[in-house]
Amino acid sequence: MTTEQSDLKLLRIFLTIVEAGGFAAAQSDLNLSLSTISSYITTLEARLGFTLCKRGRSGFALTAEGQVAFEEAHRLFKSIGQYETKMRALRDKLSGTLTIGLTDNTITDPAARRIEQTIARFMDRAPDVTLNIVTYPPNDLLREVVTDNIQIGICSFPKTVLGLRYIPLYDEIHRFYCGSDHPLFGRLDAEIDIDEIRRYRLIGRKSWLGRDLKEFAVARPHATVSDMEAEARLILSGAFLGYLPEHYAQQFVDAGRMRAIQPDRLRVTVTFQASLDDSKQADPITKLFLDMLIRDFGVNPD
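This one's a predicted model, so the numbers in the text were calculated from it and none came from an experiment. Numbering of residues starts from 1 in each chain and follows the order in which that chain's sequence is written. Two thresholds apply to this predicted model, a pLDDT of at least 70 for residue-level local features and 80 or more for giving and counting side-chain atom pairs, whereas whole-chain, interface and lining totals are computed over all residues. Note that the side-chain values use all heavy atoms of the structure and ignore hydrogens as well as water.

**Considerations on the pattern of salt bridges**
Okay, so step 1: Should a side-chain nitrogen of Lys or Arg be within 4 Å of a carboxyl oxygen of Asp or Glu, the pair is scored as a salt bridge. Tallied over the full model, the rule gives 16 salt bridges.
Okay, so step 2: Residues Arg75 and Glu72 are paired through a salt bridge, measuring 2.6 Å at the closest nitrogen-oxygen approach. Here the residue Arg75 and the residue Glu72 both occupy positions in helix H4 (residues 64-91), the gap between them amounting to 3 residues, near one helical turn.
Okay, so step 3: A relative accessible area of 48% means that Arg75 is categorised as partly exposed.
Okay, so step 4: Three labels apply to residues, based on accessible area from a 1.4 Å probe with only protein chains included: buried if under 20% of the type maximum, exposed if over 50%, partly exposed otherwise in between. Take Glu72: its relative accessible area is 44%, and that puts it in the partly exposed class.
Okay, so step 5: With a closest N to O distance of 3.2 Å, Glu196 and Arg187 form a salt bridge.
Okay, so step 6: What makes Glu196 buried here is its relative accessible area of 14%.
Okay, so step 7: Judged by relative accessible area, which is 28%, Arg187 ranks as partly exposed.
Okay, so step 8: Linked through salt bridges whose partners overlap, the residues forming this network are Arg187, Glu191, Glu196 and Arg199. Secondary structure elements are taken from DSSP: a helix is a run of H or I of four residues or more, a strand is a run of E of two residues or more, and numbering for both begins at the N terminus.

**Some remarks on the packing of helix H1 (residues 5-20) against helix H2 (residues 23-30)**
Okay, so step 1: Every angle, taken between N-to-C directions, lies between 0 and 180 degrees, and every axis is a line fitted to C-alpha atoms, over only the stretch in contact when it is a helix. Where H1 meets H2, the axes come as close as 8 Å, and the angle between the chain directions of the two elements is 120°. Regarding the angle of H1 to H2, the classification is oblique. The handedness of the crossing between H1 and H2 comes out as right-handed. Of the residues in H2, those in contact with Ile13, Thr16, Ile17 and Ala20 of H1 are Phe23, Ala25, Ala26, Asp29 and Leu30.
Okay, so step 2: Note on residue classes: Ala, Val, Leu, Ile, Met, Phe, Trp, Tyr, Cys and Pro are nonpolar, Asp, Glu, Lys and Arg are charged, and everything else, Gly too, is polar. Considering only residue class, the contact of H1 with H2 consists of 7 nonpolar, 1 polar and 1 charged. We call two directions roughly parallel when the angle between them is under 35 degrees, roughly antiparallel when it is over 145, roughly perpendicular when it lies between 65 and 115, and oblique otherwise. Crossing handedness follows the turn of the near helix against the far one: under a right angle anticlockwise gives a left-handed crossing, and clockwise gives a right-handed one. Residue contacts are counted whenever heavy atoms from the two residues lie within 4.5 Å of one another.

**Here's the deal with the packing of aromatic side chains**
What characterises a pair of aromatic rings is the spacing of the ring centres plus the angle enclosed by the ring planes.
Okay, so step 1: In this analysis, rings of Phe, Tyr and Trp, with Trp reduced to its six-membered ring, are considered paired at centre separations within 6.5 Å, and the interplanar angle assigns stacked below 30 degrees, edge-to-face beyond 60, and tilted for intermediate values. Considering all chains together, one arrives at 9 aromatic pairs under this definition.
Okay, so step 2: Here the aromatic rings of Phe122 and Phe289 are separated by 5.4 Å at their centres, their planes lie at 75°, and the arrangement is edge-to-face. Linking Phe122 in helix H5 (residues 114-125) with Phe289 in helix H10 (residues 284-297), this pair joins segments that are 167 residues apart in sequence.
Okay, so step 3: Note on Phe122: relative accessible area 0%, which makes it buried.
Okay, so step 4: For Phe289, a relative accessible area of 0% gives the class buried.
Okay, so step 5: Residues Phe176 and Tyr243 carry aromatic rings whose centres are separated by 5.1 Å and whose planes lie at 65° to one another, so their mutual orientation is edge-to-face. Residue Phe176 is found in strand S6 (residues 164-179), and its partner Tyr243 is found in strand S9 (residues 241-245); the two are separated by 67 residues along the sequence.

**A word on the pairing of strand S4 (residues 129-135)**
Okay, so step 1: The rule for pairing is simple: two strands pair if DSSP sees at least two bridges between them. Pairing geometry for strand S3 (residues 96-102) and S4, over 7 bridges, is parallel. Opposite Leu102, over in S4, you have Thr135 as the bridge partner.
Okay, so step 2: Note on handedness: a clockwise path from strand one over the helix to strand two, with the strands aimed away from the viewer, defines a right-handed crossover. Handedness of the crossover is the feature at issue here: the chain leaves S3, passes through H5, returns alongside S4, and the resulting connection is right-handed.

**Things to note about H5**
Okay, so step 1: Multiply 1.5 Å by the residue count of a helix minus one, and that product is the helix's expected span. In this model, H5 (12 residues) spans 16 Å end to end at C-alpha, consistent with the 16 Å of a helix rising 1.5 Å per residue.
Okay, so step 2: Within H5, the full set of buried residues consists of Ile115, Thr118 and Phe122. Along H5, the residues classed as buried sweep out an arc of 55° about the axis, all on the same side.
Okay, so step 3: Residues of H5 that are buried in the fold lie against S3, S4, strand S5 (152-155) and H10. The arc in question is the one traced by the directions running from the helix axis out to the C-beta atoms.

**A word on the environment of Val270**
Okay, so step 1: The topology assignment puts Val270 in strand S11 (residues 267-277).
Okay, so step 2: The class of Val270 is buried, set by a relative accessible area of 10%.
Okay, so step 3: Val270 sits 99 residues away from Asp171 along the chain, and the two C-alpha atoms are 5.6 Å apart.
Okay, so step 4: Once you skip the residues sitting within four places of it in the chain, Val270 turns out to touch Ser156, Tyr170, Asp171, Glu172, His174 and Trp208.

**Focus: H2**
Okay, so step 1: Residues of H2 that are buried: Phe23, Ala26 and Leu30. The buried residues of H2 occupy one face: seen down the axis, they fall within an arc of 60°. Turned more than 90 degrees away from the buried face of H2 sit Ala24 and Ser28, all of them exposed.
Okay, so step 2: As for H2, its buried residues are in contact with H1, helix H3 (34-48) and strand S1 (53-54).
Okay, so step 3: One or two steps after H2, the chain reaches Asn31, where phi turns positive at roughly 55°.

**Thoughts on the nonpolar core**
Okay, so step 1: The biggest cluster of nonpolar side chains holds 42 residues, and the ones touching the most others in it are Phe122, Ile154, Phe176, Ile197, Leu241 and Ile261.
Okay, so step 2: Among the elements of the structure, S3, H5, S5, S6, helix H7 (194-198), S9, S11 and H10 are those that each provide at least two residues to this core.
Okay, so step 3: Top contributing element to this core by residue count: H10, with 8 residues.
Okay, so step 4: Apart from residues lying up to four places away in sequence, Ile154 is in contact with Ile100, Gly101, Leu102, Thr103, Ile115, Leu141, Leu169, Phe272, Gln273, Ala274 and Leu293.
Okay, so step 5: The term nonpolar core refers to a set of buried residues drawn from Ala, Val, Leu, Ile, Met, Phe, Trp, Tyr and Cys, joined through side-chain atoms within 4.5 Å. In this structure, Ile13, Phe23, Ile37 and Cys53 belong to the second largest nonpolar core, which totals 20 residues.

Right, here's the structure in full:
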């Protein structure tokens, strides 16, 4: 016989009956009456040309031909399932390039490690996508998101731009540091006040727009930087004081090359966000990465 779509329906009913152990047992699974089930099996037997099962007071049992039909039908539907899975994979196959922008020196932050988890899961799901990771200072990263040179930027952004979507991911703590060669390094915090700090050279971070100097009420910094490595070098020189992410500065603190000043007072918390252009429809690649990122950080995208 030639198998038609209606035969597949009848074979599925037959499989359900066999796996349930009989007509009555299959009723709840099929949501059909006994008479309807019996009618379907009779129709299938007529199509096949042989009896599939014995039913009646003696109970349900497959005939020898019915056992073969059951095994072959099971094999058929398994093959159909594999076919559908492969066709779906071809339909949903993701390819192309995704560019993600990050700011510098976040790799030592335990809170940021979930980014690596997202990258690994994303590449498992979309192995044919070329992932392009770029690193920029915050202001430049914001510009690259606006100009669509990157699809998703992850940073503590200095300002919000109309048309961009911002999704908070995690917080980063910054403290105020001096190097081991600085005059304040050996002084107790109780001996250091804001007036004392103001006597020394202070670093201003371009992306903070003067917020790092507000506490000290100075007109302008003695040095400006756009990234954390540059600020760390100035602090380590012993000639400057400035803020650094706590996780990044810890390596220098452990080595005795740096210390935090007034850590309870001179403390800034910034929020890292994922940002993308909300005025454009996100392509499937960008949407997949963003969905995974949101899930890994356990945040509310709204």
